[in-house]
Structures are given as C-alpha cells and as structure tokens.
Amino acid sequence: MSSFNEDDAFEAAVSRPSLSQLAMQGAREAAFGAPKSTKYLDDLNPAQREAVEALEGPVLILAGAGTGKTKTLMARVAHLITTDSARENEILAVTFTNKAAKEMQDRLRRTPFSLNEPVRWMGTFHSISAKLLRRHAELVGLKSNFTILDTDDTIRLLKQLISAAGIDEKRWPARQLAGMIDSWKNRALTPSAVSGGEGSEFNGMGVKLYAQYQERLLTLNAVDFGDLLLHMVVIFQKHPDLLAQYQRWFKYILVDEYQDTNVAQYLWLRLLAGGHKNICCVGDDDQSIYGWRGAEVGNILRFEKDFPGAKVVRLEQNYRSTPHILAAASSVIAGNKDRLGKELWTSETEGEKVRLIGHWDGEEEARWVGEEIEALHGGTRARLRKYSLDDIAILVRASHQMRAFEDRFLSIGLPYRVIGGPRFYERMEIRDAMAYFRIVTQLEDDLAFERIINTPKRGVGDKALQDIQITARSNGVSLLEGAKIAVDEGLLKGKARSGVAQLIADIERWSSLNGPRIRYAVEEDDEPFEEDVLFEDERTSDDELSVFEDIGYFGERARPARPKLEEEDALVEDVAYDPAEIGHIELAEKILDESGYTAMWQNDKSPEAPGRLENLKELIKALEQFDNLAGFLEHVALIMDNDSGEDGEKVTIMTLHGAKGLEFPVVFLPGWEEGLFPSQRSMDENGTKGLEEERRLAYVGITRAEELCTISFAANRRVYGQWQSQLASRFIDELPVDHVDVETPSGLYGGQRSPATSYEASPSTSFEQRASKADVYNSPGWKRMQDRAQRAGSPRSPVTIDMKANASFTLGDRVFHKKFGYGEVMEIEGDKLAIEFDRAGTKKLVAGFVVPADQAGDVPF
DNA sequence: GTGGTCGATATTTTT
DNA sequence: TATCGACCAC
C-alpha cells in the first residue's frame, strides 16, 4: 500500500530532478516505498530532538513552562510513524483534559508529515478508559451501555445511602463522603483494600458506605469518574491475558502532564507499559498543582526508579517569556526543596521587568488594574505596545477574588470573560435536559428519572417519590416501571397520579421515537482485536456487539444518522430505518417542548432564565455533531466544552489553576498576600507540602506571562464581609530585585496614577538578591498613600466616572442586566445608571450593559 | 408541595 | 458578606 506523501512531493517539486532521476525514484519507490521525510525534526532544538529520537524504552521529558512540550510530543508521534515503529493506531497518547487532547490533535495536524490514518487512541485517561471499559464491562459486572455519573448524581446517591444508614446528614455531609470515596479511587483502593483506620472514618461507616455505593452503582449499571480508571485497573490486574493483548497492541505510550497523575492512573500506565516499557512521560514537577486532587508528584520524582534505565531529557529553553519574567519565576520556585531541578533560559534579551505594586485595599487594586488595562489597550503605556483585551489575563488564587474585578469592570464598561465558573454541562438546565435524554435513551436510568420526575412541577413531592421508590424496590424493577405500577395500582393520588401517568406516557413515546437504530460498520482498525488480533475467547459476541452498534457507542466515528447513498456507505450493513423515526435533534426539541421544560423557563422571570434558554439552544445545537442521543450523552459525560462562541475582545479572569497550560502577553497576578496566597488553609492542612504547592502555583502564574507580568497585593481586604489588614505574601520576598520594578501605588482617592517610576533598589543589592516587601513599604508612594488613607479614615475605594458615549434611558425605565436581572433606573449620571434591581439591590453600571426590559436575552456579556 | 426564613459556612477543579 | 441548605409554616 503506497500512500501519497505531501512532503516528498514538495521536495521533489522544489529540487526539480531530471526525468531520469524521476524515473529512478519511481522505480525505487515501487520497490521500497517512498523515502520518508523527517522535516518535523528540523525546527527542534537539540534537547527537543533528543526527546523525539529516543523512541525505545522509558523516557521522561522534563519540560519547563513554554519549552515546546506539545510540539516535541507531536514530533515524536510523527517520528514513530515515519520510522515505521508503530502505526497511528498502535500509539496510546494520554492527557488529562479534553482541551489538551484536542490541542494535540490540532498540533499533530500542523506537524509537517502525513498521517495515513487518524491517531485514534489519543484522549484523556477517562475517555480512553471509558472506551476500553465499554468493551470489557462484563468483567466487572456491568453492561457495556453503562451510564457515567457526574458528581451531582453521585452526591444524590450517597445522600440516600447515608440517610438509609441512619446517619445524621448534617454532621456527615454527603460531599465529604464523596470526597473520601474519590480519594480512595484516586489511590486505586477498592472497598476491600481500604485500611481499617481510614475506613472507619465518617462515623465509623466509611468503607461500609463505600461498598454499598459500589453495589448500588452496579445495580444502576453506572460508574463514576473514578470507576472508569479503577475498573480498568482491576480488569487488567485480574485478566493478565487481556492485559497482554493490550500491551502488545499499544506499542508506544505517551503521557502528558505526568506530574498530575494519581495512583490509579500510575497503575493504569504501569500495567499497559509493563511489556515493552515504551513509555514516554512529559511533565514538569514545578507545575504540579493538583496534589489536593490526588496527584502524586512522587510519580514523576520516582520515574527513574519505576522504570530503570529511563532516559531523562530536560527541555529548558523557553520560547514564551522575557528574561525578567523567567528570572522572577526561577527565583520563586528555587524556594522549593523537592525538585528534580531545571533552569529555564531564553535567547531573548529585551523585555519589561516584572512589576510589583501594593494597594490600599482590594477595590483599589481592582481599580488600578482596570486603569492599567485601559492604558495597555489604548497603547498609552510608555515603552509598551498596544494590546488587545484578549491578550490580557487576571489570574487569581481563589475565585472569590474575581468579584472585585467583575464589579469594577462592569462599572467602567471593560469587557471581560470569567473562565471557570459553573461548567456548561454542570448547569442546572443542561443537566435537567440531559436527564430527559438519559431516561429516554435508557429507561432504567433511575437517577435521571428521579431528577426530572418533578421538573417541571408535576405535583410530585417527597411522599409520592418515596412511594414510587418503595414500589420499584419491592418489585425489583426500575423507577420508571415502579412508577407505572404505582399509577396502575392507585398508589398515587390526584395531581401526582396524573402528572406521573402523563410523564410515563411521554417517556415511552419519546423512547419509541429514539433512534436511529442503525447498524453501522465499525471502521477497520478502529479498535484493537478486530479480526486478526482478537483471541477467540475474547471476541465480543454478536449479541453484545449489536448493543454497541444500536446505541451508537462507537458514535464518534459513526456515519451520519441518515447516510446519503454514497459509495463509502456501501460499508454500512443492514441499515434499517423505521419510517416513524425522527432525527435525534428533532426528538430532543420535542422532548423539551412536550415535557413543558422549555415553557418552564420561558415563564420564569428570574435573571438567569433567558440565559438558560440560550444554553438549551446551544445544547440542541451541540447535538448536530452526533449521530444519536446515546453518542451525545457519552460525549457530555466526559467532556466539558465551554467554548461557547464568544464575540469581541475581552479580558480574561480566571484562577491560577485554570491558567495552567495557557499563555498571555499581559498577566496580572493580584492578591499576593499572606493567607490568601499562599493560602492559609493549604498551609494548615498540608504544612510544607502545602506551601510548596502554593509556590508552584506562583511559578505557574508568573510563567503564563509573555511580555508583561504585574504582581500586586492589598494592605486591606474584606474577608467574609470583615475588613482585615493583610501582609504582603512571602513570595514577594522571593522575587529577584534586579528583575522587578516597584511601582508607585496611586493610593486612596489618588485618581491619577503617577508615571511608571522604577523604584531604585539600594546600591547594595546584588543580582542574586531578593526583592522585599520592604521595598514596597518604604517606597515614597506607599508612604504617601498611607498618609492619605489615615486622613480619609476607613478603607474604601473611590468611584471614578468614565464618560463614555451613548445609551438613552429615562428615570424609571425597566431594564435587564445579564447578571443582576430586572431592575429600574433610579439615577442617571452621564452614561452611568444607578439601577435598583429586583433581586440584586442597587448597582451603578454603564448604560451599555443593560437593555430595556423587553429586550432581555440580548445583553452584552 | 411550595415558599419563606434562619443559621451555618466559607480554596484550588478535571473527568 | 453572600450563598446554600434545612426546617417550618401555609
């Protein structure tokens, strides 16, 4: 099989070989196949190249921030394929987030070499595990069409178990139990493996409840996120023959962000890499910030022991940030003891120093940042270029810090986007809609049924629900069946009865319309062990296979729901359409309409309602990319795609955690105060380990910046409504003085910001010397600000008025704001409005951010 | 079964 | 200070 290789064609065209050469080449190609181009190696630096070319055996790539990690990884994939070491299909590439997986796919597409087929086993630990578990579900007592529960489902389930166990839910919240179970699963502990001491936590019932929970999941034919991995680890451990097949299949394994792996993931990898040991892990111990979530930095620190003879390659040349920014980051991270050691460097020489500034309070800080952003955006900052708002990010330690910025930006009319809030699929309306889809797709999905039985209101309360649950349990059937019996036997009365009866009829009708029940051929080589590799006893039986096919769990690669009669569809066997079937998109709309769910939000007057309807529309739109509801549900269970098509330039506000892996020309790092950052709680709960993780967070924050990094802190901050005076963070003392400019605080009622004056460090400071909070506290600007503050009294921020154009509202107008809802205009001051919101109180806003009440739903951000 | 009030509570977050 | 959940009154 010869394939056209673009690179070769390109080279041939450029070098213009003679006809005879061409003929020779043709002959050679016919005999040996086209010579493979390794152009992707050309723009790698020596370290990257070394990492790419070390194909065999265990390799650890220690890739500092901004050192071309993804590029290197993808060049490695290219190299594996070009050197015929593996086919696309035999490479397992694992990431943590879908975003990272997607980025790899994109990157791979841009790598100069040509794929013969897609690299299919590239995805998150969870999505790959789900794919594997669907094949082998029966080995852990599940059916292949199991449901993947999210955190919310889990908590509701645990609540039931806790109250059934007669435990006071108040003292022992389900959340806490969920956290414990999760951490057990993160450590690959099945109930029987949990140690006695730990298991008797949670009022002595910890493990018992864990075991009960697992049983319940099995009867529900459901798994939680942790199970996806844990079940696979258990399967691999119990079935060495099966494991051996996968070991043989996945010839090369690549792992991204290895420092974030937990024990279960580590075992998962170790098992799969156990045969050939061709495992290449990329990571940065300095960016391990998920210890609290079960990540074990130990995994990366121990790599060489786990895989003797491992090759370790360090990527230290940074292509992202200026030298000052790198110096600051290096200087801070040097404070950590447990490190593999790495020093970032750059060939760049130019750049602004890291800016450090103290403010009087949090609002002042937000005000200053707002003004800075306007200046940067306007291009009026000396020595600096003009920036798009998209170039600018504010990275905070805790999400509550975002508020000050949101409030401020709202009132000066600076567009921003908050990343990280509730994820799309976590929103109430999305989950409700999904629950409808779930019950229709799987009539036994009790949790889904429970969720929607009274949404919208059908007069079904706790009592009615309980009756149904009892009926279902005593008959050993699903809730839906139980409900049917309860209706038939007259156990339900009045409203509840008619409501439930209607719902049951609806669900059955929708379900009958749910399709399409296409049988589509699984593409050749899509999965290991089709035909040739599959051992006879492991072959999925025809029955089971048809389950997959019917519900479309191979849906990602499946053909369109109603394939047109094109040639390739000749592969589709046995296409059976029921003429009564409607497409899944229409069905979804039908369900939401007929259930009254859409109407419920249309009649809702709360500020969120229009947004929720909007989200539902997006949900429907998202369906277009799938062939059927089942395939879609799988996607949503595992993916948080929050990329709602945003319009216009916006400043990004997000947490430091959320910023890992991203980069911005301009970064603001506010709130560097003891207790807040480093977080007091982190230090209290995890001591030095906690502090080191906080420090790594600081490192991550600084290294996000390409051109300009501004660190700030406030002397006073409102914490839970109480004013507290704050001390500048110890991390500030760890900044290298020669790479930092101390800016003059504008101070209380300062209004005008003084021009960027570089604070001259005392002559005795050497290159290695650290900056100090004292530099700020002793700066003339700080003293001036303190004086003013003392004269003015309590800490509070001035309100500046920006006179921007337009908007015509009259006193008393009813208006709508996306965040605050409906309200009435009470005051007008230029283009600024004071609005008394029905629910959110009185706010001052720029007129551009509200619309007349009758145009709700069409508000700028 | 719904709506209101009161009190406890308060990082970081992916799948 | 703000939010969420539980409990109580209609």
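Residues numbered from 1 in each chain as written. Chains lettered and ligands numbered in written order. Predicted model: local features only at pLDDT ≥ 70, side-chain atom pairs only at ≥ 80, totals over all residues. Heavy atoms only, no water.

A. Main features of the overall build of chain A. A tally of regular secondary structure across chain A gives 32 helices and 21 strands. Split into buried and exposed, the 861 residues of chain A put 54% on the buried side. Excluding contacts between residues fewer than 6 apart, the proportion of contacts in chain A whose partners are at least 24 apart in sequence is 76%. Working note: accessible area of chain A is about 38500 Å², and carbon and sulfur atoms make up 50% of it. (Helix = DSSP H or I, 4+ residues; strand = E, 2+ residues; numbered from the N terminus. Buried < 20%, exposed > 50% of the residue type's maximum accessible area, 1.4 Å probe, protein only. Contact = heavy atoms within 4.5 Å. Areas by Shrake-Rupley, 256 points an atom, 1.4 Å probe, with all protein chains shown as cover.)

B. Highlighting the pairing of strand β15 (residues 722-725). Inspection of the sheet shows strand β14 (residues 705-719) paired to β15 by four bridges, in the antiparallel sense. When the bridges of β15 are listed, V719 appears paired with Q722. The antiparallel pairing of β14 with β15 creates a hairpin that spans two residues between the two strands, and Y720 there sits at a positive phi of about 50°. (Pairing = 2+ DSSP bridges.)

C. The pattern of salt bridges, seen in detail. Using the criterion set out here, one finds 51 salt bridges in the structure. Put simply, K251 and E90 hold a salt bridge, and the shortest N to O gap is 3.2 Å. Of the two residues, K251 sits in the loop between α12 (240-249) and β6 (252-255) while E90 sits in the loop between α4 (69-82) and β2 (91-95), which places them 161 residues apart along the sequence. Owing to a relative accessible area of 10%, E90 belongs among the buried residues under this scheme. (Salt bridge = Lys/Arg side-chain N within 4 Å of Asp/Glu carboxyl O.)

D. Looking closely at the nonpolar core. Judged by nonpolar contacts, the single largest core of 48 residues is most densely connected at F437, F449 and V500. Tallying contributions element by element places helix α19 (residues 428-441) first for this core, with eight residues. The residues touching F449, leaving out its near neighbours within four places in the chain, are I439, L479, L480, A483, L503 and I507. In terms of nonpolar packing, the next biggest core, distinct from the first, is built from 46 residues, V94, F236, Y258 and W268 among them. (Core = buried A, V, L, I, M, F, W, Y, C linked by side-chain atoms within 4.5 Å.)

E. The confidence of the model for chain A, seen in detail. Mean pLDDT for chain A: 79, with 79% of residues reaching 70 or above. Here helix α24 (residues 542-551) is the element of chain A with the lowest mean pLDDT, 31, and strand β13 (residues 664-669) is the one with the highest, 97. Every residue in residues 516-526 scores below 50 in pLDDT, and together they form 46 contacts with partners more than four places removed in sequence or on other chains. A low-confidence stretch, residues 794-807 stays under pLDDT 50, and its non-local contacts, those more than four residues away or across chains, total 33 contacts. (pLDDT = per-residue confidence, 0-100.)

F. Examining the sheet that holds strand β1 (residues 59-63) more closely. Strand order in this open sheet of six strands is β3-β2-β6-β7-β1-β8, and the pairing throughout is parallel. The open sheet has two edge strands with one neighbour each: β3 (122-124) and β8 (311-315). Strand-to-strand, the axes of this sheet are offset by a mean angle of 15°, without reference to chain direction. Along the sheet, helix α3 (residues 46-53) makes contact with β1 and β8, crossing β8 at roughly 150°. Contacts between helix α5 (residues 98-110) and the sheet are confined to β2 and β3, with β3 contributing the most and set at about 165° to the helix. (Axes fitted to C-alpha atoms, helices over the stretch in contact; angles between N-to-C directions.)

G. Looking closely at helix α6 (residues 125-136). Between the first and last C-alpha of α6 there are 16 Å, a value that for twelve residues agrees with the 16 Å anticipated at 1.5 Å per step. Where burial is concerned, most of α6 is hidden: nine out of the twelve residues are buried. Every buried residue of α6 is accounted for by F125, I128, S129, A130, L132, L133, R134, R135 and H136. (Expected span 1.5 Å × (residues − 1).)

H. Just the pairing of β14, in detail. Burial analysis of β14 places twelve of its 15 residues in the buried class, which makes it a mostly covered element. Where strand β9 (residues 354-361) lies against β14, six bridges are found, and the strand directions are parallel. What sits directly across from H359, in β14, is A714.

I. A look at the packing of α19 against helix α23 (residues 494-513). Relative orientation of the contacting elements α19 and α23 amounts to 70°, with a least axis distance of 8 Å. One finds that α19 runs roughly perpendicular with respect to α23. Seen along the crossing, α19 lies across α23 with a hand that is right-handed. Here Y436, I439 and V440 of α19 come into contact with α23, specifically with L503, I507, W510 and S511. For the contact of α19 with α23, the per-class residue count stands at six nonpolar, one polar and no charged. (Parallel < 35°, antiparallel > 145°, perpendicular 65-115°, else oblique. Left-handed = near helix turned anticlockwise from the far one by under 90°. Nonpolar A, V, L, I, M, F, W, Y, C, P; charged D, E, K, R; others polar.)

J. Main features of the packing of aromatic side chains. According to the stated counting rule, one finds 20 aromatic pairs in the structure shown. On the numbers, 6.1 Å between centres and 75° between planes, the contact of Y436 with W510 is edge-to-face. Taken together, the positions of Y436 in helix α19 and W510 in helix α23 put the pair 74 residues apart, joining distant regions of the chain. Among the residues examined, Y436 registers a relative accessible area of 0% and is labelled buried. Note on W510: relative accessible area 0%, which makes it buried. (Phe/Tyr/Trp six-rings, centres within 6.5 Å; stacked < 30°, edge-to-face > 60°.)

K. Broad picture of the protein's contact with DNA strand C. DNA strand C sits among R403, Y720 and G721. Of what DNA strand C places within 4 Å of the protein, 50% of the atoms are sugar or phosphate. The contact in question runs from a phosphate oxygen of DNA strand C to an N or O atom on the side chain of R403, over 3.1 Å. (Near = heavy atom within 4 Å. Polar contact = N/O pair within 3.5 Å; in protein donor to acceptor, adjacent residues only side chain to side chain.)

L. How the structure looks around the state of the cysteines. By the definition in use, this model includes zero disulfides. C280 forms no disulfide, and the closest cysteine sulfur to it belongs to C281, at a distance of 6.8 Å. Given a relative accessible area of 0%, C280 falls into the buried group. (Disulfide = S-S within 2.5 Å.)

M. Highlighting unusual backbone geometry. For the bond from T455 to P456, the omega torsion is -5°, close enough to zero to count as cis. Residue placement: P456 occurs in the loop between α20 (446-452) and α21 (462-475). Cis geometry is found at the peptide bond from F677 to P678, where omega equals 10°. Structurally, P678 is set in the loop between β13 and α30 (680-703). A positive phi angle is found at N221, which is not glycine, with a value near 55°. Mapped onto the fold, N221 is located in the loop between α10 (206-219) and β5 (222-223). Look at N221 and you get buried, because its relative accessible area is 6%.

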